[in-house]
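Structural features, examined
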2 protein chains.
Amino acid sequence: MRDVADRADVSKSLVSLAYRSPASVSPHRLERILAAAAELGYRPNRVARSLNGAREDFVGILVADTRNPVLTDVVESARATLADAGRLGLVTSAVLPSPSSGSALDVEVVAMLGDLQPSGLLVVGSVPDMDRVVEMTASARLVIASGRPGSRGGLATVRGDDEVGMRLVVDHLTALGHRRIGHVGGEGGPVAAGRASAFAGAMREHGLDAGAIAPSDFTERAGHRAASALLDSADPPTAIAAVNDLAAIGVLAAVAERGLSGTVAVTGYDNTYLAALGPIDLTSVDPHNDVIGRRAAELLLAPGHVPASDDGVLVAPSLAVRGSSTTVV
Amino acid sequence: MRDVADRADVSKSLVSLAYRSPASVSPHRLERILAAAAELGYRPNRVARSLNGAREDFVGILVADTRNPVLTDVVESARATLADAGRLGLVTSAVLPSPSSGSALDVEVVAMLGDLQPSGLLVVGSVPDMDRVVEMTASARLVIASGRPGSRGGLATVRGDDEVGMRLVVDHLTALGHRRIGHVGGEGGPVAAGRASAFAGAMREHGLDAGAIAPSDFTERAGHRAASALLDSADPPTAIAAVNDLAAIGVLAAVAERGLSGTVAVTGYDNTYLAALGPIDLTSVDPHNDVIGRRAAELLLAPGHVPASDDGVLVAPSLAVRGSSTTVV
DNA sequence: TTGTAAGCGTTATCAG
DNA sequence: CTGATAACGCTTACAA
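Residues numbered from 1 in each chain as written. Chains lettered and ligands numbered in written order. Predicted model: local features only at pLDDT ≥ 70, side-chain atom pairs only at ≥ 80, totals over all residues. Heavy atoms only, no water.

Looking at an unreviewed UniProt entry, one finds chain A named LacI family DNA-binding transcriptional regulator and attributed to Curtobacterium pusillum.

See below:
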């Protein structure tokens, strides 16, 4: 910085000022400063900036699971929104596989991010030990996207409206004439639990029996097993709504094994690119992850305090109808 | 740090030393220091550490595409290896979608990472503008995993051996009796080009004609179109080796549309979880991304200079045989 | 606008 | 092991 100042024949302070508030530097000196910087290949050191108390002008993005396509969709959309606003988004992976509980917060990474003093923090997905995160990044405005519903009160949250999503599914299936509809899911975390109860609620709204819920988590194998149980029961459903796309693929296999393809309708959830693949062709609820990411980034960018309503922002999903649910009963 | 020193009744210097080389601090003082730190909730500020010239004891991981499952597999494996060695791995997304060329280096992120003075840098995938990256992170030892083959000379590289991979495919298919084998791929970058020429080489080794290469990139749609061209030609192949799993899924669809399922063998590449899905059941080359990630991390961890052989480290793949290629001709 | 000086939290050096 | 001091690259406050 001193070199730039010398070359531009101004003071070190003015160089600093030139980057932080260019407007308050006279145009001709500003130009000289930027020219000198360009010649010297100078750019302000962001780390040094972070060292003094002031919050830095960037947003940290903490991802719970880098392999989950739902989360990476949200992340990329948020990042693009931040970039459009000229704000840097630093994505980091927050979770490390642990021998004991399967996965744990990567404390070191979060600590480092906290030391960087980001002005905002976007947590994408369900990160363990949120209390720790909040504590270590106290400087930042916090928004959670696609996280555990209602895990921590008082935190701003943006997520898909699973109530509406499941209602779309049940509306669609009943419109096709289905009455005996099963659900495969409910296990593996609060998201699954929420979708199961949303399913039950939607069924009741239609005056239908919501008893046929076969426990499954988010995996293909579990979906297959749960669907097998439903299909082999005394009163098998004519349609099955799965908790996500992967489980739905397991359901499709169970249906195919019984020669029921095209007879039993199947739906997934999340509308990942899996659902659109030719051999799969799965009707699925699209939570609009891009919108979730964008809204979350906008909350972080907005001036003032982040509104921390209890429910948070709910993004309305839509239904992507495909071949797996075209049978009319 | 001063507070900890006071509480533990030692000098500030010793607290610093306690964290950087615990062995050189007498056990009983060390214990007192750690106890004081725990009570005060103190941890060394990593950012302040990075500010003075010395390289920091962590590795930055730059990912070219967070949505590419091949790359995230490599990243997670590298991260786990680093964690086992007690080394922090900070994953960041290096590429931002750009209006012009589709995607561009996120210079700000790389600059920030460079300012953090990582001791090592792992670049996963093909990142644009590597010269820029090298320049901005001069402090770090650099290793590239799963990157463009031979893009930049003199850089340490770890990647899958596509020569061997394609030979495994052709060996497998010829063992099943196939003679007319087509390839779908060759477009979309140097990886595709390399696989296409590896395919041609393997065919020649078997004394077969390698002429049937239909241009396709890594997408399902392109795979479908290319396979359609092959299958509708005068002398259609009895087996098709695709450049990756997604293109292979397009190939499967083209095969199915012509009522040739079970007759025409299909193989993919990368052995992503797609290939293992029930309705897809695709034979695929497994590049062992976990090994690639681990080897890359080990290069970074090893003492001394990173060996920068021109070819770099080649990891031998294996073949995951599934239903899509069980037909015996 | 300028120049000066203090401060951010650490590490490094060095004489005691 | 201590204590003091300088340095890392920047921001900020203040007096000129």
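1. Some remarks on the protein's contact with DNA strand C
The environment of DNA strand C is made up of 21 residues, and the closest members are A:Ser26, B:Ser16, B:Asn45, B:Arg49 and B:Asn52. When atoms of DNA strand C within 4 Å of the protein are sorted by moiety, sugar and phosphate together comprise 77%. Interatomic distance of 2.6 Å between a backbone N/O atom of B:Asn45 and a phosphate oxygen of DNA strand C. At the level of elements, helix H2 (12-20) of chain A together with helix H2 (12-20) and helix H4 (46-51) of chain B are the ones that each hand at least two residues to the surface near DNA strand C. (Near = heavy atom within 4 Å. Polar contact = N/O pair within 3.5 Å; in protein donor to acceptor, adjacent residues only side chain to side chain. Helix = DSSP H or I, 4+ residues; strand = E, 2+ residues; numbered from the N terminus.)

2. Details of the interface of chain B and chain A
Interfaces are frequently sized by the accessible area removed from exposure as the parts join. Every contact between the two is made by 45 residues of chain B and, on the other side, 45 residues of chain A. Around 4,100 Å² of area is buried between chain B and chain A when both sides are counted, 65% of it from carbon and sulfur atoms. For the pair chain B and chain A, the interface holds 8 salt bridges. Here chain B is connected to chain A by 18 residue pairs in polar contact (both at pLDDT 80 or more). Looking at the side of chain B that touches chain A, the elements that each hand over two or more residues are H4, helix H5 (69-84), strand S2 (88-93), strand S3 (95-98), helix H6 (107-115), helix H7 (130-136), helix H11 (245-257) and helix H12 (273-276) of chain B. (Contact = heavy atoms within 4.5 Å. Buried area = accessible area lost by both parts, 1.4 Å probe. Salt bridge = Lys/Arg side-chain N within 4 Å of Asp/Glu carboxyl O.)

3. Regarding the pattern of salt bridges
All names here are of chain A. On inspection of all chains with the given rule, the structure shows 26 salt bridges over all chains. A salt bridge links Arg258 to Glu257; the nearest nitrogen and oxygen atoms lie 3.7 Å apart. Residue Arg258 is classed as partly exposed on the basis of its relative accessible area of 27%. Look at Glu257 and you get exposed, because its relative accessible area is 54%. (Buried < 20%, exposed > 50% of the residue type's maximum accessible area, 1.4 Å probe, protein only.)

4. Description of the packing of H2(B) against helix H3 (residues 27-40) of chain B
Residues and elements named next belong to chain B. At a minimum axis separation of 10 Å, H2 and H3 run at an interaxial angle of 95°. Comparing their axes, H3 and H2 come out roughly perpendicular. Residues Leu14, Val15, Ala18 and Tyr19 of H2 lie in contact with H3, whose contacting residues are Arg29, Leu30, Ile33, Leu34 and Ala37. A class-by-class count of the residues in the contact of H2 with H3 yields 8 nonpolar, no polar and 1 charged. (Axes fitted to C-alpha atoms, helices over the stretch in contact; angles between N-to-C directions. Parallel < 35°, antiparallel > 145°, perpendicular 65-115°, else oblique. Nonpolar A, V, L, I, M, F, W, Y, C, P; charged D, E, K, R; others polar.)

5. Regarding empty space enclosed by the protein
If you walk through the whole model with that rule in mind, you get 4 cavities of 30 Å³ or more. One number sums up the size of the largest cavity: a volume of about 80 Å³. Looking at the largest cavity, it is lined by 13 residues, and the ones nearest its centre are A:Val63, A:Thr66, A:Val91, B:Thr66 and B:Val91. Counting residues per element, the ones that place at least two in the lining of the largest cavity are helix H5 (69-84) and strand S2 (88-93) of chain A together with S2 of chain B. (1 Å grid on protein atoms, 1.4 Å probe; cavity = no way out; pocket = protein on both sides within 12 Å on 5 of 7 lines; lining within 4 Å. Points joined across faces, edges and corners; volume = space filled by probe spheres on them.)

6. A few points about H5(B)
Residue and element names in this part refer to chain B. For H5, which comprises 16 residues, the first-to-last C-alpha distance of 23 Å matches the rise-based estimate of 22 Å (1.5 Å per residue) to within 8%. Along H5, the positions that sit buried rather than exposed are Val70, Leu71, Thr72, Val74, Val75, Glu76, Ser77, Ala78, Arg79, Thr81 and Leu82. Between the side-chain oxygen at the start of H5 and the backbone nitrogen of Val70 there is a gap of 2.9 Å, and the oxygen is on Asn68. Gly86, located one to two residues past H5, shows a positive phi value of around 75°. (Expected span 1.5 Å × (residues − 1).)

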